[in-house]
Amino acid sequence: MFIPKDGTNTKTLAGIMEEIKLFFPVLRTCYSLSLRADLPTLLTDGSILCPEDSQDETRKDPYEHYRSIDNDESVMKIFEDADDFFLSHHQHLKRPLVFLHVRRDLEIPLPSYLKDMANPKDTKTMTMLSFYSFPPGGISDPENFIRFLKKIWEPFDVLGRVYVATEGVNAQMAVPSNVLENFQKCCYATPEMGNHIENGINVDPVPLTIEEFAEVGKLDGKPSPPFKTLTLKVRNKIVADGLDKTLNWESAGYDMPPIEWHQKLKEAKETRQKGTAEGEDSLPLIFDCRNGYETEVGIFEGAQPLSTENFRDSWDAFKEKLKDKPKDTPIMTYCTGGIRCVKVAAYLTQEMGFTDVSRLAGGIIAYDRTLNNMAPEEEPMFKGTNYVFDGRVGRKITDDALGSCITCSEKTNLLGNCMNVLCHRRMVQCKKCLETYCGCCSDTCRAIKANQIST
């Protein structure tokens with residue numbers, strides 16, 4: 001097989017293994033392979049001697065003299081040596097040449113998280129989850145790390161969307177429920193995630209049956225699963241923030257547990273109901289750090305929306321809202337799963353100098369799960385629908401219809417995207433208008449969609 005000389009696959013063990021599996025598809029199902037390599041042996045006439053052609057009958061294994069390739073350094077070394085060998089023997093060789101010997105490694109034990117694991121294809125439900133990590137040392141080679149994740153996640157049949165950047169990992173996924181515990185152990189066993197998965201893996205409290213999973217999302221206005229495949233992509237940042245410099249994500253205010261958050265909001269509500277000026281002055285500022293289309297259909301009681309179009313607009317919004325506030329003003333922030341608030345709290349403390357900043361640990365998703373598990377008798381302080389970044393679009397937490405229909409202004413909690421592919425704007429639209437406008441945001445888009453179908 002031919003391997004590009006300057007590609008990443010000649011520099012890392014994971015890269016060369018990926019190249020081998022692409023060339024030999026039968027090897028893709030092998031969990032672990034052992035790899036050895038050597039340079040060619042040239043005879044006096046310039047012909048190349050393969051190991052199996054050796055006349056040394058004392059050698060039981062013709063490949064025993066091959067060097068072991070078991071880390072990135074050994075990969076780079078064999079290819080560097082191949083370049084040097086080629087320069088010395090270019091009259092006999094057309095290009096640098098390496099002999100590879102690959103075999104299934106029976107000596108490497110199966111990881112503990114795969115032992116006695118159920119068959120994910122036998123699952124009756126799917127569990128939605130999300131997590132993020134900001135490892136202190138970052139991820140030096142996101143491309144290589146993606147290849148690694150594909151390999152270790154392959155046995156689980158997971159679906160989802162995962163972004164990897166030098167700053168960390170951001171994942172929204174669907175996992176067969178019968179292997180959920182195994183998958184979680186696998187993630188925690190991975191150093192770049194492991195202890196750096198902040199607040200643990202955010203698991204949706206209600207699994208979806210296979211039938212529900214197939215229809216809970218929307219694609220072109222039709223029922224579809226939230227995810228159809230597993231997509232892993234390299235990004236400059238796992239959350240695009242628009243900042244000119246990277247802040248210290250480990251110094252990002254107080255990570256407030258969901259139950260403590262719930263109690264603080266209840267106390268704030270009681271204080272507001274008393275209506276005393278002294279009480280009002282002592283209240284914390286509660287900020288919804290999501291975008292406007294998210295806060296329109298769901299929000300915590302007493303929270304202020306930033307009303308941004310994109311997360312990168314948050315910094316100007318905070319500068320405006322906090323321009324006259326003392327630096328010791330108590331500030332509480334929240335978002336969907338917690339990742340945006342890591343960046344917000346870091347910015348408020350490190351760039352704006354505020355000293356009393358808290359953020360909801362695990363975001364709305366963790367709050368919903370924790371309240372259901374630990375205090376189901378409590379009325380949620382979050383009202384409406386939590387916007388989620390998968391095919392479901394929204395997960396209803398209470399029946400409150402807070403959004404206004406884009407076409408008739410009727411109150412509703414239904415979310416979607418305009419069916420005109422040239423528009424595709426996020427929108428809130430009631431059931432009646434959804435049918436009347438054929439899933440579009442306006443008469444114009446409905447007409448364009450009709451023309452798209454007819455052509």
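Preceding this paragraph is the structure being described.
Now for a quick tour of the structure. (Residues numbered from 1 in each chain as written. Predicted model: local features only at pLDDT ≥ 70, side-chain atom pairs only at ≥ 80, totals over all residues. Heavy atoms only, no water.)

Another point: the packing of aromatic side chains. Taken as a whole, this structure holds 15 aromatic pairs when the rule is applied. For the ring pair Tyr 132 and Phe 134, a centre distance of 6.0 Å and an interplane angle of 65° mean the geometry is edge-to-face. The buried category is assigned to Tyr 132, whose relative accessible area is 4%. On the numbers, 4.7 Å between centres and 85° between planes, the contact of Phe 300 with Tyr 334 is edge-to-face. (Phe/Tyr/Trp six-rings, centres within 6.5 Å; stacked < 30°, edge-to-face > 60°. Buried < 20%, exposed > 50% of the residue type's maximum accessible area, 1.4 Å probe, protein only.)

With that settled, consider the pattern of salt bridges. As enumerated under the stated definition, the model contains 21 salt bridges in all. Measuring nitrogen to oxygen at the nearest pair gives 3.3 Å for the salt bridge that ties Asp 81 to Lys 77. One end of the pair is Asp 81 and the other is Lys 77, both in helix H2 (residues 72-88) and four residues apart, which spans about a single turn. On the basis of relative accessible area, Asp 81 is assigned to the buried category, the value being 15%. We note a salt bridge from Arg 446 to Asp 443, for which the minimum N-O separation is 2.5 Å. In this pair, Arg 446 and Asp 443 both sit in helix H13 (residues 443-454), three residues apart, roughly one turn of the helix. Judged by relative accessible area, Asp 443 falls into the partly exposed class, the value being 45%. Residues participating in the shared-partner salt-bridge network are Glu 167, Lys 237, Asp 241 and Lys 343. (Salt bridge = Lys/Arg side-chain N within 4 Å of Asp/Glu carboxyl O. Helix = DSSP H or I, 4+ residues; strand = E, 2+ residues; numbered from the N terminus.)

Relative to the elements of secondary structure, Ala 214 occurs in helix H5 (residues 210-215). Taking relative accessible area as the criterion, Ala 214 reaches 37% and is therefore assigned partly exposed. Considering only alpha carbons, one finds Ala 214 and Ser 224, ten residues apart in sequence, at a separation of 5.4 Å. Ignoring sequence-local partners within four residues, the contact set of Ala 214 consists of Pro 223, Ser 224 and Pro 225. (Contact = heavy atoms within 4.5 Å.)

In this structure, the second largest pocket spans a volume of roughly 810 Å³. Of all the elements in the fold, those that place two or more residues in the lining of the second largest pocket are helix H1 (13-23), H2 and strand E5 (99-104). Ranked by the residues each element gives to the lining of the second largest pocket, the list is headed by H2, at five residues. (1 Å grid on protein atoms, 1.4 Å probe; cavity = no way out; pocket = protein on both sides within 12 Å on 5 of 7 lines; lining within 4 Å. Points joined across faces, edges and corners; volume = space filled by probe spheres on them.)

The next thing to look at is the state of the cysteines. Evaluation of the coordinates by the stated rule reveals zero disulfides. This cysteine, Cys 335, is not joined by any disulfide, and Cys 341 carries the nearest cysteine sulfur, 3.7 Å off. By relative accessible area, Cys 335 is classed as buried at 1%. Its sulfur unpaired, Cys 405 is 3.7 Å from the next cysteine sulfur, which belongs to Cys 408. (Disulfide = S-S within 2.5 Å.)

Turning our eyes to something else, we now look at the nonpolar core. Core analysis: the largest hydrophobic core is formed by 31 residues, its most contacted members being Phe 287, Phe 318, Leu 322 and Leu 348. Elements with a contribution of two residues or more to this core: strand E15 (285-288), helix H9 (314-321) and helix H10 (339-350). Considering each element in turn, this core owes the most residues, eight residues, to H10. Once you skip the residues sitting within four places of it in the chain, Leu 348 turns out to touch Phe 318, Leu 322, Ile 331, Thr 333, Gly 353, Phe 354 and Val 357. Membership of the second largest hydrophobic core comes to 29 residues, among which are Val 164, Val 169, Ala 171 and Phe 183. (Core = buried A, V, L, I, M, F, W, Y, C linked by side-chain atoms within 4.5 Å.)

Turning our attention to the sheet that holds strand E1 (residues 33-38). Taking strand neighbours across the sheet as the criterion, the three strands line up as E4-E1-E5 in an open arrangement whose pairing is antiparallel. Looking at which strands have only one partner, the edges of the open sheet turn out to be strand E4 (67-69) and E5. Across the sheet, the axes of successive neighbouring strands diverge by a mean angle of 30°, strand direction being ignored. One ladder, built from three bridges, connects E1 with E4; its direction is antiparallel. Residue pairing for E4: Ala 37 is matched across the bridge by Arg 67. In the packing of H1 onto the sheet, contacts are made with E1, E4 and E5, and the angle to E1 comes to roughly 95°. Each of E1 and E4 is contacted by H2, which is oriented at about 125° to E4, the strand it contacts most. (Pairing = 2+ DSSP bridges. Axes fitted to C-alpha atoms, helices over the stretch in contact; angles between N-to-C directions.)

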